[in-house]
Amino acid sequence: MDDLYRDYILEHYRRPHNFGVLEDPTASYEGSNPLCGDRITMMLGITDGVVSEVAFTGRGCAISQASASLLTDEIKGKTVEDVEKLTPDDLLDLIGVDISPARLKCALLSLDTVAHALADRAAAHAEAEPEQS
Ligand code: ZN
């Protein structure tokens, strides 16, 4: 791994962006990667279909936490539609370092957690809809 990139990842790990708790998130999910012991809780505040607020807490290896920090920067201000379209490759581009297959689950945990949070929210919305008969 290139030293410059490694520093960049470590900087996000030491001083993660958007680290904290949202009081009343529209969507949230706690994801974990048992292979490495990484945990990430993503909290999203969604207003008019846009991710207006985002925060996360978590602990784990540098790649997992730096990935969450980078991802929260990326999705803030994006529409839910655009966030749902993000692919693992998009996230790996953001991270910008070569991730070994063994660390892939670490790197992608944040995206997986966001996807779960949005899916849970969609399910809750569907239940809230009045029944059509
Ligand atoms: Zn990890």
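Residues numbered from 1 in each chain as written. Predicted model: local features only at pLDDT ≥ 70, side-chain atom pairs only at ≥ 80, totals over all residues. Heavy atoms only, no water.

Visitor: It is not clear to me how the overall build of the protein chain should be interpreted in this structure. Could you clarify?
Guide: Assigned secondary structure in the protein chain consists of five helices and three strands. Seen in sequence order, the protein chain has helices and strands lined up from the N terminus as α-β-β-β-α-α-α-α. Relative to the globule expectation of 14 Å for 133 residues, the C-alpha radius of gyration of the protein chain, 15 Å, shows essentially globular dimensions. Taken along the three principal axes of its C-alpha coordinates, the protein chain extends 60 × 25 × 25 Å. Across the 133 residues that make up the protein chain, the buried fraction comes to 35%. Sequence separation of at least 24 residues holds for 62% of the intrachain contacts in the protein chain that already meet a minimum separation of 6. (Helix = DSSP H or I, 4+ residues; strand = E, 2+ residues; numbered from the N terminus. Rg over C-alpha atoms; globule rule 2.2 N^0.38 Å. Buried < 20%, exposed > 50% of the residue type's maximum accessible area, 1.4 Å probe, protein only. Contact = heavy atoms within 4.5 Å.)

Visitor: Quick question: what am I supposed to make of the coordination of the zinc ion here?
Guide: A metal bound by six donors in octahedral fashion has ideal angles of 90 or 180 degrees, whereas one bound by four tetrahedral donors has an ideal angle of 109.5 degrees. Protein coordination at the zinc ion comes from Cys36 (SG), Asp38 (OD), Asp38 (OD), Cys61 (SG) and Cys106 (SG), with a distance range of 2.1 to 2.7 Å. Within one chain, the residues donating to the zinc ion are spaced in sequence as C-x1-D-x22-C-x44-C. Classification of Cys36 by relative accessible area gives partly exposed; the value is 31%. (Donors = N, O, S within 2.8 Å, 3.2 Å for Na, K, Ca; no water.)

Visitor: Even after reading the chapter, I still don't get the pairing of strand β1 (residues 27-33), so can you show me in this structure?
Guide: Two faces belong to every sheet, and in a regular strand the side chains alternate between them. Bridge count for β1 against strand β2 (residues 38-47) is seven bridges, and the pairing is antiparallel. Bridging from a neighbouring strand, Ala27 pairs with Leu44 of β2. From the end of β1 to the start of β2, which pair antiparallel, there are four residues, and Gly37 there has a positive phi angle of about 85 degrees. (Pairing = 2+ DSSP bridges.)

Visitor: Can you walk me through the sheet that holds β2 in this structure?
Guide: Within a sheet, each strand pairs with its neighbour through backbone hydrogen bonds, oriented either parallel or antiparallel. Read across the sheet, three strands follow the order β1-β2-β3 without closing on themselves; strand pairing throughout is antiparallel. In the strand order of this sheet, the two ends are held by β1 and β3 (50-59), each with one partner. Direction aside, neighbouring strands of the sheet carry axes that sit 15 degrees apart on average. Seen against the sheet, helix α5 (residues 104-128) touches β1 and β2 and runs at an angle of roughly 145 degrees to β1. (Axes fitted to C-alpha atoms, helices over the stretch in contact; angles between N-to-C directions.)

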